[in-house]
Amino acid sequence: MTSTSRAWLKEHNTLHVMHPMQDPKALQDNPPLIIESGDGVHITDIDGRRFIDCQGGLWCVNAGYGRREIIDAVTRQMEQLPYYSLFPGSTNAPSIALSTRLAEIAAEEGMVKASFGLGGSDAVESALKIARQYWKLEGQPQKFKFISLYNGYHGLNFGGMSACGGVAWKSSYEPLMPGFFQVEGPHLYRNPFTNDPEELAEICAQLMERQIEMQGPDTVAAIIAEPVQGAGGVIVPPASYWPRLRQIADKYNILLIADEVITGLGRSGSLFGSRGWGVKPDIMCLAKGISSGYVPLSATLVNARVAKAWDRDVGFTSVYMHGYTYSGHPVACAAGLAAIEIVVRENLADNARIVGDYFLQRLQELKDKHRAIGDVRGKGLMLAIELVKDRESKDPFGPQDAYPIAISEGCVNQGVMIRTIVNKLIISPPLTFTKDHVDEVVDVLDRTFTANPW
Ligand code: PMP
C-alpha cells in the first residue's frame, strides 16, 4: 500500500466513520490502528507493523486468523447459495445443520433449539423476547421483569442496554426499557462486604433473592448474567455463585439466561461458561466465538422447557414474532459450523484453561513487581490487569488519567495489541495461544511497566 493510500484511509476514517464507544472529536488526535491482515495469533496494520493480538479481535477470533477451513466453507456457500430466508415458507440447509450441531455440543446443558442473529446484542435481545413470550404462553403475562448484575454487559440494543449494569453504557440513551433491575454481583476486588469469596457469593445471592422478593417473584421473567463478566472488567465470580443463581431461579420459578457471548465456545476454559460452573441455564446467548468473528453470527439457544411452551395451541401469541432478514444466513451458518469444528477438534477450551492458568500465574508475578497493578484476575483466556493509583485505597485511574493509555501504547509500540477499558488492561487472545506467546506478552508488559514507573 502506498503512503498516499495510507494517508487517504486515515483521513477518511476520521471524516466518515462513526466508531463505537468513542468520542468522534478524539479520533483526530488518537487515530486507531488500521488493521490490514491477520495470521494465527498475529495481526498487521497498514503501516506494516505486526502485533501479537491480545484482544482476539474483540474477544471473538477464538480459532485465530487465516483458518482455511472457515474461508473455504464461506466461499463454497457463497458460490452455492449466498442467501435464503428462514421466514415463513423457506429455509436453508446450513441453518438446519448449525442448529443441530449447537444442540449436540450444548446437549449437556439441555439446549434443543436455536434462534439466529448477527451478533451479541441480537443474541441478548432474542433471549429477552423469548423469556417474555415464554411467560405469556405459560399463562403468566405479568412475569416480564429482568434482573441483572452491576458491571454486567449485555450489548447495546435497547433491551440489552437496559440490562447493562454500568451507567456509562446507558446514560446518553435514556429513558431505558421499563422492567429492568440490577443487583450487586460478586466482585471480589471491589465490594463493600468481605474478602472471603464464598461469603461474598452468599451475600450477593441473598441480595438477588431480596430483589426478587421486593419486585414480587410472580412479576420476574428471568435473571440474566454473564458466567464471567467481560466488558465490566473480567470479573470472575466465586464457584458457588452460579449454582446459587440456578437454585434461586428454581425457587422462584424464574428463567436463567446465561449471556455467553464472550464465555461461550471455549474462551473461559470450558466449552461454555455455564459448564465451567456446572450449571444448566434455560437460555444461552452465543456470538463472537461461534463464528470466530469471521462473519457476523449469533445464536440464542433454548432448553426443552422453554421450547415446549410453543407447543401449546394458544392462537396468535404462539407465533415467534421475532427474527431478522439475516437470521440463519447460510454463509454465516457455514462459517459457524466450520469455526465450531475447529474449537471442538483442537480442544481449544482445554488450551484456553491451561494457557490461561499459566497467563494468570505470570500476571501475578508482574503484580508482585509493579505497584500500579492493583489486581490481576481471569478465567481461561479472558484476563484483566486492574491499574490503581494506590494499592491500599484501591483508588482507580479514571477516564481522564493518562497512565493506563501510556501502558497500552507502550505495549502496542513493542508489538503487543492490548486494550484498556478505563483502568483495566483486557487480555483475550485467540484460543490457539501458547505459553511462549504468554511469555512474549508478559516480557513486553514487564518492560512497559518498568519504563513507566508509578
Ligand atoms: N453480551 C456480552 C456478554 C458481550 O460481551 C457483548 C459484546 N462484547 C455483547 C453481549 C454484545 O455483543 P455485540 O457487540 O456483538 O452486539
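Data block above holds the structure.
In short, a report on the structure. (Residues numbered from 1 in each chain as written. Predicted model: local features only at pLDDT ≥ 70, side-chain atom pairs only at ≥ 80, totals over all residues. Heavy atoms only, no water.)

1. Brief notes about the overall build of the chain
Helices and strands together make up the secondary structure of the chain, namely 15 helices and 16 strands. Taken over C-alpha atoms, the radius of gyration comes to 22 Å for the chain, in line with the 22 Å a tight globule of 454 residues would show. In terms of overall dimensions, the chain has a C-alpha envelope of 65 × 60 × 40 Å along the principal axes. Every one of the 454 residues in the chain was classed for burial, and the buried ones make up 54%. Partitioning the intrachain contacts of the chain with sequence separation of at least 6 by distance along the chain shows that 71% fall at a separation of at least 24. (Helix = DSSP H or I, 4+ residues; strand = E, 2+ residues; numbered from the N terminus. Rg over C-alpha atoms; globule rule 2.2 N^0.38 Å. Buried < 20%, exposed > 50% of the residue type's maximum accessible area, 1.4 Å probe, protein only. Contact = heavy atoms within 4.5 Å.)

2. Section: the site of the ligand
Surveying the vicinity of the ligand reveals the residues Gly119, Gly120, Ser121, Tyr153, His154, Gly155, Glu226, Asp259, Val261, Ile262 and Lys288. Ser121 has a polar side-chain atom sitting 2.6 Å from an oxygen atom of the ligand. Tyr153 places a main-chain nitrogen or oxygen 3.5 Å from a nitrogen atom of the ligand. Looking at the shell around the ligand, its residues break down into three nonpolar, five polar and three charged. (Near = heavy atom within 4 Å. Polar contact = N/O pair within 3.5 Å; in protein donor to acceptor, adjacent residues only side chain to side chain. Nonpolar A, V, L, I, M, F, W, Y, C, P; charged D, E, K, R; others polar.)

3. Let's talk about the pattern of salt bridges
Between side chains of opposite charge, pairing is possible as soon as their charged atoms come close. Within the structure shown, the criterion is met by 28 salt bridges. Notably, a salt bridge pairs Arg101 with Glu341, separated by 2.8 Å at the nearest N-O pair. Highlighted residues: Arg101 in helix H5 (residues 93-105) and Glu341 in helix H12 (residues 330-345), separated in sequence by 240 residues. Lys251 serves as the salt-bridge partner of Glu209, at 2.7 Å between the closest nitrogen and oxygen. A residue pair is termed long-range when its members are at least 10 positions apart, and Glu209 in helix H8 (residues 197-215) and Lys251 in helix H9 (residues 241-251) qualify at 42 residues. The exposure class assigned to Glu209 is buried, which follows from its relative accessible area of 13%. Here the residues in one salt-bridge network are Arg67, Glu69, Arg345 and Glu346, joined through shared partners. (Salt bridge = Lys/Arg side-chain N within 4 Å of Asp/Glu carboxyl O.)

4. Section: the pairing of strand S6 (residues 180-183)
Where strand S5 (residues 145-149) lies against S6, four bridges are found, and the strand directions are parallel. Its bridge partner lying in S6, Ile147 is registered against Phe181. With helix H7 (residues 158-163) bridging S5 and the parallel S6, this β-α-β connection has right-handed handedness. (Pairing = 2+ DSSP bridges. Right-handed = clockwise from strand over helix to strand, strands pointing away.)

5. A short note on the sheet that holds strand S14 (residues 416-417)
The sheet built from four strands is open, its strands ordered S1-S2-S3-S14 with mixed pairing. Each edge of the open sheet is held by one strand with a lone partner, namely strand S1 (35-39) and S14. With three bridges joining them, strand S2 (residues 42-45) and strand S3 (residues 50-53) adopt antiparallel strand pairing. Following the sheet pairing, Ile43 is matched in S3 by Phe51. Its contacts with the sheet place helix H15 (residues 435-451) against S2, S3 and S14, and it is angled at close to 110 degrees to S3. (Axes fitted to C-alpha atoms, helices over the stretch in contact; angles between N-to-C directions.)

6. Comments concerning the side chain of Arg362
For Arg362, the location among the structural elements is in helix H13 (residues 348-369). The class of Arg362 is buried, set by a relative accessible area of 15%. Look past the residues within four positions of Arg362 in its chain and what remains in contact with it is Val438, Asp439 and Val442.

7. Thoughts on the packing of helix H14 (residues 403-413) against H15
Contact geometry for H14 and H15: axes closest at 9 Å, N-to-C directions at 135 degrees. When the axis of H14 is compared with that of H15, the two are oblique. Of the two elements, H14 crosses H15, and the hand of that crossing is right-handed. Where H14 approaches H15, its residues Tyr403, Ala406, Ile407, Gly410 and Cys411 are matched on the opposing element by Val444, Leu445, Thr448 and Phe449. Tallied by class, the residues present in the contact of H14 with H15 amount to seven nonpolar, two polar and no charged. (Parallel < 35°, antiparallel > 145°, perpendicular 65-115°, else oblique. Left-handed = near helix turned anticlockwise from the far one by under 90°.)

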